[in-house]
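For reference, the chains in residue letters:
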Amino acid sequence: MLFFWRKSNRNKKSKKNSAGKEYESSKVAKSYCFAAILFFGLQSVIALGGGIELVFPDLPAPISFQNGRGIHLNLSILWPTLGLMGMTYHFFATESEVEIYSLKLAKIQLWIFVASVLGILGSLVFGFNDGREYLEAKMPFRVLILLALIIFAYNLLRTYILPAAKKRSTCVVMLSGVISAIILLAPNLLFFAHPTVDDYVRFWVVHMWEELSFELVGAGVTIALIMAITNVKRQLLQKLLYLEASLIVLTGFLATGHHYYWIGVPEFWLIIGLLFSTFQVIPIVLVSYSLLKNLAVKDRKVNNFIVLGLILISSFWHVTGAGLLGLLMSIPSVSLYMHGTLITSSHSHLALFGVFGLMVIAGSYYVLTNNVILSKKFQIKTIISFILLNLGLLIMGAALFLAGLVQVYLWRIAGLDFMEVQILLKPYYIVRELGGVVFAGGALIFTWNIVSLVKKGKISMVW
Amino acid sequence: MKKLFFITLVGTTLIFALLTYYTTYDLDYELIDQEVVIGKRIWQKKGCIECHSIFGNGGYNAPDLTYVVTRLGKPELIQFLLERPVIRTSVSKRHILLKQEEVAKIVSFLSFVNSVKVSKWPPNPMK
């Protein structure tokens, strides 16, 4: 502990951040990350509301369950995307060692995206639901999100081709991720008459945004972040990154098959899905292992234990909640029974928040505070919030997983009526809600901590 | 290594595009009439997918509706949607309010879903 405090005191004398120069681009990036954290705080409260409805269904609710769940699902994708945009702008600048091509465009993009998120939340509150999971946003808002992503890719590409810009692997991988997200979202602006085709295309956002596009962006950002907070050498990580990125592309595309087992498509997807789902574990384990191996070296220097700690915890959820549980669910004979139960819900919480939520929190925290002198009180509160978030996540994930097992046994195998089983699941929904309270506690402490820093004027943001 | 990445990117995209073609070219599109399309639009507008699921995808707080037309039969299903019985996990909450024309169209849509050939799912005795 003493070593840890000494390290943070070392920053007192120098104004420079761990990555060296502070770019104007970083100030715009901070606005993105701050907005993301605010939406995250909001999400934790809304999620509590949804969970309460399942415990006390007769409580009068201001928003219907359909619209509330739509809000929850959309926020769960949009706030990490917003944070990832901020992290990408920051690290694209520090990696390329130039300012982003157009800060004006970056600001316009920010406002388009934030306006879209608010619009989506508002329209869902008033009942305008487009009725496809994760894509409940009505057409105009999906167009705006697409527009924001196009501006994003254009800005990053223009930055990359600047003569003064260093051509880094992290930047190539980040940019590829962003471009792929655009291509995958575009068809999802349409209406599909055939429910099979609808689901087939829908998973291009629901699966490939996470396991291809943002996995790529995340890989680039995480490597850049590791280099910023430790003295791990670039050459080491560069080769690893391209290998990891290639595996992400291959498996990200073809493991989509594990969503295509039972939606009415040809059976070749059962084989492709299983095969590449097993391969998906390779990049996850490869990165976690090499990260740990590189960190456990004798003269390794770390200047931000909080951020590093959260990245490592996120790797844990990546291997277990996303990798192992996901792999189990991808085995067709297992999926036959587990598909369409709360086990999926457990997996989505552990994977989506455990991997991307925590990655974006770690990265946003770094972007916002890397050149600020943080008090011990602030750091302690941050650590407490991280403990609560992970504890809450564990409780929620476990409760949903066990509830899912009950569903599998009683509903799928024993053949009981679905709603009869649902009545029996109430204790699990109660435990899940309690986990949610712990989680929301962590989220709000973290959010308020950052807000108080902004209010004190310590974070130089530009929007 | 950079070359490997771009070759993988382009190659996998092409393979996936090919697989997409083979997946979608031979589905039973001719069975989809106007009723089914309008029914799907209403189904989407009402947000049914948040509680229910189709092909096992959706919410997990209400029954999967892929085979509900076989399970209940059209008349009983229509009656259920019009009568709006109390949802069994609660005391006073009723199923969503739907107009008669909307019910007819949604049932048409669900009949089409029922006819889609899904390989071995769900396992008995759900069917």
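Refer to the structure presented above.
The rules behind these values
Residues numbered from 1 in each chain as written. Chains lettered and ligands numbered in written order. Predicted model: local features only at pLDDT ≥ 70, side-chain atom pairs only at ≥ 80, totals over all residues. Heavy atoms only, no water. Helix = DSSP H or I, 4+ residues; strand = E, 2+ residues; numbered from the N terminus. Rg over C-alpha atoms; globule rule 2.2 N^0.38 Å. Buried < 20%, exposed > 50% of the residue type's maximum accessible area, 1.4 Å probe, protein only. Contact = heavy atoms within 4.5 Å. Areas by Shrake-Rupley, 256 points an atom, 1.4 Å probe, with all protein chains shown as cover. Lys, Arg positive; Asp, Glu negative; His and termini not counted. Charge placed at Lys NZ, Arg CZ, Asp CG, Glu CD. Buried area = accessible area lost by both parts, 1.4 Å probe. Salt bridge = Lys/Arg side-chain N within 4 Å of Asp/Glu carboxyl O. Nonpolar A, V, L, I, M, F, W, Y, C, P; charged D, E, K, R; others polar. Phe/Tyr/Trp six-rings, centres within 6.5 Å; stacked < 30°, edge-to-face > 60°. Lys NZ or Arg CZ within 6 Å of the ring centre and 35° of its normal. Axes fitted to C-alpha atoms, helices over the stretch in contact; angles between N-to-C directions. Parallel < 35°, antiparallel > 145°, perpendicular 65-115°, else oblique. Left-handed = near helix turned anticlockwise from the far one by under 90°. Core = buried A, V, L, I, M, F, W, Y, C linked by side-chain atoms within 4.5 Å.

Novice: Mind showing me how you'd approach the overall build of chain B here?
Specialist: Each helix and strand counted, chain B has five helices and two strands in total. Ordered by position from the N terminus, the helices and strands of chain B form the series α-α-β-β-α-α-α. The C-alpha radius of gyration computed for chain B amounts to 19 Å, which surpasses the reference 14 Å derived for 127 residues by more than 25%, pointing to a less compact arrangement than a globule. Considered along the principal axes of its C-alpha atoms, chain B spans approximately 60 × 35 × 30 Å. The proportion of buried residues among the 127 residues of chain B is 51%. The long-range share in chain B, meaning contacts at least 24 apart out of those at least 6 apart in sequence, stands at 53%. Accessible area for chain B stands at about 6600 Å²; split by element, carbon and sulfur atoms hold 62% of it.

Novice: Just checking my understanding: could you explain the overall build of chain A for this structure?
Specialist: Helix and strand counts for chain A come out as 16 helices and zero strands. In summary, chain A has a C-alpha radius of gyration of 22 Å against a globular reference of 23 Å for 463 residues, a match within 12%. If you line up chain A on its principal axes, its C-alpha atoms span 65 × 45 × 45 Å. Across the 463 residues that make up chain A, the buried fraction comes to 63%. Put simply, 83% of the contacts in chain A that link residues at least 6 apart link residues at least 24 apart. Positive and negative charge centroids in chain A, built from 37 and 21 side chains respectively, lie 19 Å apart.

Novice: Please clarify how the interface of chain B and chain A should be interpreted in this entry.
Specialist: Size of an interface: often given as the accessible area lost when the parts come together. Opposite the 62 residues of chain B that make contact, chain A presents 76 residues. Carbon and sulfur atoms supply 66% of the area buried between chain B and chain A, which totals about 5900 Å² over both sides. Contact with chain A buries area across many residues of chain B, yet Phe16(B), Glu50(B) and Tyr60(B) alone supply 13% of it, more than any other trio. Seen at the junction of chain B and chain A, the total is five salt bridges. Residues Asp417(A) and Arg88(B) are paired through a salt bridge, measuring 3.0 Å at the closest nitrogen-oxygen approach. Contributing elements (two or more residues each) for the side of chain B that touches chain A: helix H1 (2-24), helix H2 (34-45), strand S2 (57-58) and helix H5 (100-115) of chain B. In terms of residues, the side of chain B that touches chain A owes the most to one element, H1(B), which gives 15 residues. Of the residues in the side of chain B that touches chain A, the class split is 32 nonpolar, 18 polar and twelve charged.

Novice: I tried to follow the packing of aromatic side chains on my own but got confused; where do I start?
Specialist: Aromatic ring pairs are defined here through the distance separating the ring centres and the angle between the ring planes. Summed over all chains, the structure comprises 33 aromatic pairs over all chains. Geometrically, the ring pair formed by Phe276(A) and Phe279(A) is edge-to-face, given 5.4 Å between the ring centres and 90° between the ring planes. Of this pair, Phe276(A) and Phe279(A) both sit in helix H10 (residues 268-295), three residues apart, roughly one helical turn. Residue Phe279(A) is classed as partly exposed on the basis of its relative accessible area of 31%. Members of the aromatic cluster, joined through ring pairs, are Tyr200(A), Phe203(A), Trp204(A), Phe253(A), Tyr260(A), Phe268(A), Trp269(A) and Phe16(B). Positioned above the aromatic ring of Trp411(A), the side-chain terminus of Arg412(A) is 4.4 Å from the ring centre. For the cation-ring pair, Arg41(B) lies above Phe191(A), with the distance from its terminal atom to the ring centre recorded as 3.8 Å.

Novice: I tried to follow the packing of helix H9 (residues 234-254) of chain A against H10(A) on my own but got confused; where do I start?
Specialist: Any two packed helices are characterised by how steeply their axes cross, that is the angle between the axes, and by the distance between the axes. Residues and elements named next belong to chain A. Where H9 meets H10, the closest approach of the two axes is 8 Å, and the angle between their N-to-C directions is 160°. Comparing their axes, H10 and H9 come out roughly antiparallel. Seen from above, H9 lies across H10 with left-handed handedness. Where H9 abuts H10, its residues Leu 236, Leu 240, Leu 243, Glu 244, Leu 247, Ile 248, Leu 250, Thr 251 and Leu 254 lie against Trp 269, Ile 272, Gly 273, Phe 276, Phe 279, Gln 280, Ile 282, Pro 283, Leu 286, Val 287, Ser 290 and Asn 294. Among the residues forming the contact of H9 with H10, the class breakdown is 15 nonpolar, five polar and one charged.

Novice: What is the right way to look at the nonpolar core in this model?
Specialist: In summary, soluble globular proteins display a tendency toward joint burial of nonpolar side chains. With 179 residues, the main nonpolar core has Trp209(A) and Leu110(B) as its most contacted residues. At 16 residues, helix H13 (residues 342-369) of chain A tops the list of elements feeding residues into this core. Apart from residues no more than four positions distant in its own chain, Trp209(A) is found in contact with Ile77(A), Thr81(A), Ile145(A), Leu149(A), Ala181(A), Leu184(A), Leu185(A), Trp204(A), Phe214(A) and Glu215(A). Within the second largest apolar cluster, 15 residues are counted, among which are Phe65(A), Leu342(A), Ala403(A) and Leu410(A).

Novice: Could you clarify how one ought to interpret unusual backbone geometry in this entry?
Specialist: Pro122(B) follows Trp121(B) through a cis peptide bond whose omega is -10°. Locating Pro122(B) in the fold gives a position in the segment after H5. Backbone geometry places Glu97(A), a non-glycine residue, at a positive phi of 60°. Glu97(A) gets classed as partly exposed once you look at its relative accessible area, which sits at 38%. Residues other than glycine seldom take positive phi values, yet Arg84(B) does so here, at roughly 55°. Judged by its relative accessible area of 22%, Arg84(B) is partly exposed.

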